[in-house]
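Each chain is listed here by its residues.
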Amino acid sequence: MDGIKVGGLGGTAQFLIGRAMEKDCTLKVERPVYEQEELHRTCGYSKPRSTVLDRIRNSYREWKLVHFLQNLIPIIQWLPHYKWRHDFIGDLIAGITVAVMHIPQGMAYALLGTVPPIVGIYMAFFPILAYSVLGTSRHNSMGTFAVVCLMTGKSVAAYSTQAAEGNTTNAENAIYSPMEVATAVAFMVGIYQLLMYVFRMGIVCTLLSDTLVNGFTTGAAIHVLTSQVKDLLGLKITRYEGPFNIGFAYIEIFNKIEEVNTAALVVSSITIIVLAINNEILKPLVRKRSVIPIPIELMAVIIGTLVSTYINLQDEYGLQPVGDIPTGLPYPTLPAFTIFPKIMMDSFTITMVAYTISMSMALIFAQRHNYEVDSNQELFAQGTSNIVGSFFSCMPITASLSRSLVQETVGGKTQLTSLISCLILLTVMLWIGPFFEPLPRCILASIIVVALKGMLLQAKDLPSFWRLSKLDGLVWIITFLTVVLVDIDYGLLVGLGLSLASILVQGMKPYTCLLGAMPNMDIYLDCNRYKESREIPGIKIFHYCGGLNFATRSHFTNELYRLVSVNPQVELARRNKLERSRTSGWVNSTPEEAREGIVNISFVEQSEDHVDEPTVSTPIRPQASSYGSFTEEKLQIRYIILDFLALSYIDPSGVNALKLLNEAFSKIDITIYLAGISGIYTYINLGS
């Protein structure tokens, strides 16, 4: 009896099957047994035909300008249907809350990029305006993100004039200001994303697996933490670039441990403790009563600014302030195009990381709230946002996990939240910015360190990755160690290479097994996993799950030989050798006996129990099953069924491998049958 696919039956049959399943009944189906060619003739099989022109014509047959504009500019589609009474209050509250978070996080993360703190506010305004119009994710809060800002800061430190004038280890050919390098990186990232959009490469985010992203961001969090130690302790240390920079940084920190600014250490400790108490104790309590969180980061920034102003922490205790924060909007300027050749590789790695992080979060929110996200449109939205931002003194942007979660939690429904947030931040840029100039940098460093908790705790996911797949666990470990011990860029490349290699290794060794029938059931299961399954005498059912191509044909052949316990070449060679040895034995024996096929068993050594038995001559009737290394079980194999129900792809090399197997097994009187072949592979002919 064959398995039943309910989806292919009529409504009445589906109803009967449903009733039968509810009552735990048995459904029996009888039909003729078809070979593939007979099935084609009976059911009228014909191969679908379509040309390239047909596919192009079908793609643009339903093209309409209105639909094109709605897809290109999603706000045109959702804003006219916006539910003002139902969604506006939630978007308003979320916009205010996210704007409050943008201020301290933007100023803090801008320091990671080695640019003025006001740049973080710019990043929460100019690019976000573009993304809110073009983006398809309703809950992503775009702007500053620690890892992307740190990676941008590496390029700024390597190529900027400030790096050349400062105390750094890589200052050659530095002729650009920090802002010129940062905006050039943003522009280059935007160009990469737009090129990916043109070539419909939205699926490229799948190249970075969850394991790789988890290990990479955890290792990058160590770099972010290391970069903030100098501000936490009030030290002035060299900014190292290149491989093993994190080790050199800690060596210098320990060498200068006696120069720690006690006031900076006290302020940092108090800030971290207060933020931790809020996150671990107060926030869960407040969440039970209100969805709006306590703006503890903004409170820390405001209080720190007031204390620094009235106590004069800079002059009295030597605490380094944030510095000049200009008012008003920046003038649009073109990036420094001459630096592009130097930052191409850095920009590409930032592009991959930024897009993967934002797209991963967008898919999570889309699945949770039952709407669709267009991966290619996201490339267009983020690319345009980065190019627009590069004209207004911005670094590359991506989604922030903390802000996005808050935006969703407090009731944000659409990207109108981002527009409301931009309006609030506009007032900060126009009038409030200079208020934060006395703010100690150690407070911003403390905010960054506390925010890293979630990224650092990702290390707890390693055991689950390891239990699921040892290979994925190794990818996580090697990526993490490479990022931490060598450098971020090297870690990403190594992790990407390992991920692709793991896919290749797993693809080259698909799952194989022998299937056995369950007693009294029309079910065939893996004999190695289901102990109650029984193999059919004389038949081996070989199940293969994966693609059969030039890379996997060797594995396919070896696994088939191993599981059926027969190697046709070896068996045929042993048969020929045995035949030669028997022929030689007959020539040396008595001619009459050899011709008649008689052997005298009186020459055989007998035990005492058979002394009195008479001598007899027994005719010999050799059979094919008496050859070589066949055991009794192997002698019974007459048929091998290749279960290709899970065959995903086969190429000409795979077809040739099947033909060679068929020829080899036919020489030892074993017939091969193919079962479960998909319609697109029914042209396979194992005949010569």
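In this convention, every chain numbers its residues from 1, walking through the sequence in written order. Confidence filtering applies because this is a predicted model: local features only for residues at pLDDT of at least 70, side-chain atom pairs given and counted only at 80 or more, and all residues used for totals across whole chains, interfaces and linings. Note: side-chain values were computed over all heavy atoms of the structure, leaving out hydrogens and water.

To continue, consider the pairing of strand S5 (residues 539–548). Working note: regular strand, side chains alternate between the two faces of the sheet. Residue exposure (1.4 Å probe, protein chains only): buried if accessible area is under 20% of the type maximum, exposed if over 50%, otherwise partly exposed. Helix and strand labels come from DSSP, where a helix needs a run of H or I of at least four residues and a strand needs a run of E of at least two; each type is numbered from the N terminus. Of all ten residues that make up S5, eight are buried, and the element is covered over most of its length. Of the strand pairs in this sheet, strand S3 (residues 511–517) and S5 are connected by five bridges, and their pairing is antiparallel. Residue Thr-512 lies in a different strand from S5, and its bridge partner there is Tyr-544. Pairing analysis gives nine bridges linking S5 to strand S8 (residues 639–650), with the strands arranged parallel. Each residue of the ladder has a partner; that of Ile-541, found in S8, is Ile-641. At least two DSSP bridges between two strands are required for those strands to pair.

With 105 residues, the main nonpolar core has Ile-103, Met-107, Val-147, Phe-216, Ile-339, Ile-343 and Leu-444 as its most contacted residues. Working rule for contacts: check all heavy atoms of both residues, and any pair within 4.5 Å makes them a contact. Among all residues touching Leu-444, those that are not within four sequence positions of it are Pro-104, Met-107, Ala-108, Leu-111, Val-301, Val-322 and Leu-439. Among the nonpolar cores identified, the runner-up in size contains 24 residues, and Leu-548, Leu-560, Ile-668 and Ile-670 belong to it. For our purposes a nonpolar core is just a set of buried Ala, Val, Leu, Ile, Met, Phe, Trp, Tyr and Cys residues, chained together by side-chain atoms within 4.5 Å.

Any two side chains of opposite charge can pair if their charged atoms end up close together. One side-chain nitrogen of Lys or Arg within 4 Å of one carboxyl oxygen of Asp or Glu is enough to make a salt bridge. Summed over the entire model, instances satisfying the criterion amount to ten salt bridges. Residue Glu-559 pairs with Arg-562 through a salt bridge whose shortest N-O separation is 2.8 Å. In this pair, Glu-559 and Arg-562 both sit in helix H26 (residues 553–564), three residues apart, roughly one turn of the helix. Residues Glu-571 and Arg-575 are paired through a salt bridge, measuring 3.8 Å at the closest nitrogen-oxygen approach. Residue Glu-571 and its partner Arg-575 are located together in helix H27 (residues 568–588), separated by four residues, close to a single helical turn. In this structure Arg-575 comes out as buried when scored by relative accessible area, which is 10%. Here the salt bridges do not stand alone but share partners, grouping Lys-230, Asp-231 and Arg-441 into one network.

We now examine unusual backbone geometry. Of note, the phi angle at Phe-244 is positive, near 65°, even though the residue is not glycine. In this structure, Phe-244 sits in the loop between helix H12 (210–233) and helix H13 (245–255). Owing to a relative accessible area of 48%, Phe-244 belongs among the partly exposed residues under this scheme. Notably, Ser-565 is not glycine yet its phi reads approximately 60°, a positive angle. For Ser-565, the location among the structural elements is in the loop between H26 and H27.

How two helices pack is summed up by the angle between their axes together with the distance between the axes. All axes are obtained by fitting lines to C-alpha atoms, using only the stretch in contact for helices, and the reported angles, taken between N-to-C directions, cover 0 to 180 degrees. It is the contact of H12 with helix H25 (residues 488–508), at a shortest axis distance of 10 Å, that shows an interaxial angle of 165°. Our classification of the angle between H12 and H25 gives roughly antiparallel. Remark: the crossing between H12 and H25 carries right-handed chirality. Between H12 and H25, the residues in contact are Leu-212, Phe-216, Ala-220 and His-223 and Ile-488, Leu-492, Gly-495, Leu-496 and Ser-499, respectively. Of the residues contributing to the contact of H12 with H25, the split by class is six nonpolar, three polar and no charged. For classification purposes, an angle smaller than 35 degrees is called roughly parallel, one larger than 145 roughly antiparallel, one from 65 to 115 roughly perpendicular, and anything else oblique. Two helices that cross are described as forming a left-handed crossing if the nearer one is turned anticlockwise from the farther one by less than a right angle, and a right-handed crossing if clockwise. Three classes are used, and their members are as follows: Ala, Val, Leu, Ile, Met, Phe, Trp, Tyr, Cys and Pro are nonpolar, Asp, Glu, Lys and Arg are charged, and the others, Gly among them, are polar.

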